[in-house]
Amino acid sequence: PTAMREVFLETPKVRWSDIGGQHDIKRRLQQAVERPLKYPQRMRRLNVNSKKGVLLYGPPGCSKTLTVKALATEAGLNFLAVKGAEILSMYVGESERSLREIFRKARAARPSIIFFDEIDAIAARRGSSQGGVNVLTTLLNEMDGIEELRNVLVIAATNKPDVLDPALMRPGRLDNILYIGPPDVEARKEILRIWANKSVVNPEVDLDDLAILTEGYSGAEIVSICETAGDAALDEEEETQQEQDVKWKHFEYALGQVRRQITDA
Ligand code: ATP
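Cut-off values and rules
Residues numbered from 1 in each chain as written. Predicted model: local features only at pLDDT ≥ 70, side-chain atom pairs only at ≥ 80, totals over all residues. Heavy atoms only, no water. Phe/Tyr/Trp six-rings, centres within 6.5 Å; stacked < 30°, edge-to-face > 60°. Helix = DSSP H or I, 4+ residues; strand = E, 2+ residues; numbered from the N terminus. Salt bridge = Lys/Arg side-chain N within 4 Å of Asp/Glu carboxyl O. Buried < 20%, exposed > 50% of the residue type's maximum accessible area, 1.4 Å probe, protein only. Near = heavy atom within 4 Å. Polar contact = N/O pair within 3.5 Å; in protein donor to acceptor, adjacent residues only side chain to side chain. Areas by Shrake-Rupley, 256 points an atom, 1.4 Å probe, with all protein chains shown as cover. Nonpolar A, V, L, I, M, F, W, Y, C, P; charged D, E, K, R; others polar. Axes fitted to C-alpha atoms, helices over the stretch in contact; angles between N-to-C directions. Parallel < 35°, antiparallel > 145°, perpendicular 65-115°, else oblique. Left-handed = near helix turned anticlockwise from the far one by under 90°. Contact = heavy atoms within 4.5 Å. Expected span 1.5 Å × (residues − 1). Pairing = 2+ DSSP bridges. Disulfide = S-S within 2.5 Å. Patch = residues over 30% accessible without salt bridge, like charges linked within 9 Å, V, L, I, M, F, W, Y side chains within 5 Å. Lys, Arg positive; Asp, Glu negative; His and termini not counted. Charge placed at Lys NZ, Arg CZ, Asp CG, Glu CD.

(A) How the structure looks around the packing of aromatic side chains. A complete count under the given rule lists four aromatic pairs for this structure. Their ring planes at 25° and their centres at 6.3 Å tell us that phenylalanine 79 and phenylalanine 115 sit as a pair that is stacked. Taken together, the residues phenylalanine 79 in strand β3 (residues 78-83) and phenylalanine 115 in strand β4 (residues 112-117) connect sequence positions 36 residues apart.

As structure tokens, this is what we get:
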């Protein structure tokens, strides 16, 4: 059906090393995936079930999507991505059908990850104005159905965990709940270094200083600062017709351009 166009298997190329900071999250997710594959008998002996669902929550632009993509790449899992709003915008009955189709595809492609971005769009608390009850019920049914089918991991992300229906987070569903927060100073340094390593940055630029100055910015905003600085260097290149590197003045300019949106600092 035409409504299924947006759901397809992807092969993300994001590595753990592309993500600055978030080391604890990386380790925990890797463990959730690898343990059942590597040590099924240890898990059986201690009567521990493998995780079926993870909920990532936190402010926008702080690497939720990036993290799920890296997990898929690093663990060699097929990756299906769905945006909550896309599912909800479909005709009556269509949303439910396409949800079931997504789970069917994921089972056919296992080991796999289904990533629901903006899960709040389809899993808002029942009784609230937002969302469709039937869509949520379908989602819960499909998640419960994974039980006997191994190797399909559901990961959902949201900026608004408070609006989610509590049924979604019950044991056996999205019960592995992880907060992905704004990058701390070390993480900011890593994000800057990852960008700088792919660019040509003047040695006068002290990334440690820049990491301090970018307090309160999201990862996405830090990347935006770097690219704005890069653009300024390109402008200069055009004016002078000489090759430029990215200098401190370019970063200074960029810091004035990119606004902090996740913190009110
Ligand atoms: P949203 O809630 O808006 O969907 P998100 O938390 O899923 O946001 P991502 O889509 O993962 O955020 O990040 C957006 C972009 O910001 C990434 O593509 C990347 O360029 C940059 N970014 C964010 N965090 C990091 C990080 N820790 N390391 C490197 N890049 C980052």
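(B) View of the pattern of salt bridges. All told, the structure shown has 14 salt bridges when counted by the stated rule. Glutamate 74 serves as the salt-bridge partner of arginine 15, at 3.1 Å between the closest nitrogen and oxygen. One end of the pair, arginine 15, is in the loop between β1 (9-10) and α1 (23-38); the other, glutamate 74, is in helix α3 (residues 64-75), and 59 residues separate them in sequence. Using a relative accessible area of 40% as the deciding quantity, one classes arginine 15 as partly exposed. The residue aspartate 24 makes a salt bridge to arginine 28 at a minimum N-O spacing of 3.4 Å. Here arginine 28 and aspartate 24 lie together in helix α1, a separation of four residues that amounts to about one turn. The class for aspartate 24 is partly exposed, based on a relative accessible area of 38%. One network of salt bridges, in which partners are shared, links Asp24, Arg27 and Arg28.

(C) A look at the site of the ligand. Around the ligand, the structure places 16 residues, and the nearest of them are Gly20, Gly61, Lys64, Thr65 and Leu66. One of the side-chain N or O atoms of threonine 65 is found 2.7 Å from an oxygen atom in the ligand. For the ligand, the protein covers 75% of the area, taking 630 Å² as the surface of the free molecule. Listed by contribution, the elements that provide at least two residues to the shell around the ligand are α3 and α9 (219-240). Grouping the amino acids of the shell around the ligand by side-chain chemistry returns seven nonpolar, six polar and three charged.

(D) Main features of the packing of α9 against helix α10 (residues 248-257). Where α9 meets α10, the closest approach of the two axes is 8 Å, and the angle between their N-to-C directions is 125°. Classified by the interaxial angle, the pair formed by α9 and α10 is oblique. Between α9 and α10 lies a crossing of right-handed hand. Contacts from Ile225, Cys226, Thr228, Ala229, Ala232, Ala233 and Glu236 of α9 reach α10 at Lys249, His250, Phe251, Tyr253, Ala254, Leu255 and Gln257. Residues of the contact of α9 with α10, tallied by class, amount to nine nonpolar, three polar and two charged.

(E) Quick peek at helix α6 (residues 133-145). An ideal rise of 1.5 Å per residue puts 18 Å on 13 residues; α6 measures up with 18 Å between its terminal C-alpha atoms. Those residues of α6 that are buried are in contact with β2 (53-57), α4 (84-88), α5 (94-108), β4 and β5 (152-158).

(F) Focus on the environment of glutamate 243. Inspection of the secondary structure assignment puts glutamate 243 in the loop between α9 and α10. C-alpha separation for the pair glutamate 243 and glycine 76, spaced 167 residues apart in sequence, amounts to 40 Å.

(G) Focus on the sheet that holds β4. If you trace the six strands from one edge of the open sheet to the other, you get β1-β3-β4-β5-β2-β6, paired in mixed fashion. With one partner strand each, in any of the chains shown, β1 and β6 (176-179) form the two edges of the open sheet. Looking at chain direction, β3 and β4 are connected through six bridges and run parallel. Counted as the bridge partner of leucine 80 is isoleucine 114 from β4. Contacting β2, β5 and β6, α1 crosses the sheet at an angle of about 160° to β6.

(H) Geometry of the state of the cysteines. In total, this model carries zero disulfides according to the counting rule given. A disulfide-free cysteine, cysteine 226 has its sulfur positioned 15 Å from the sulfur of cysteine 62, the nearest such atom. For cysteine 226, a relative accessible area of 1% corresponds to the buried category.

(I) Geometry of a positive patch on the surface. On the surface, Arg35, Arg42, Arg45 and Lys51 cluster together into a positively charged patch. Residue position: arginine 42 is located in helix α2 (residues 40-45).

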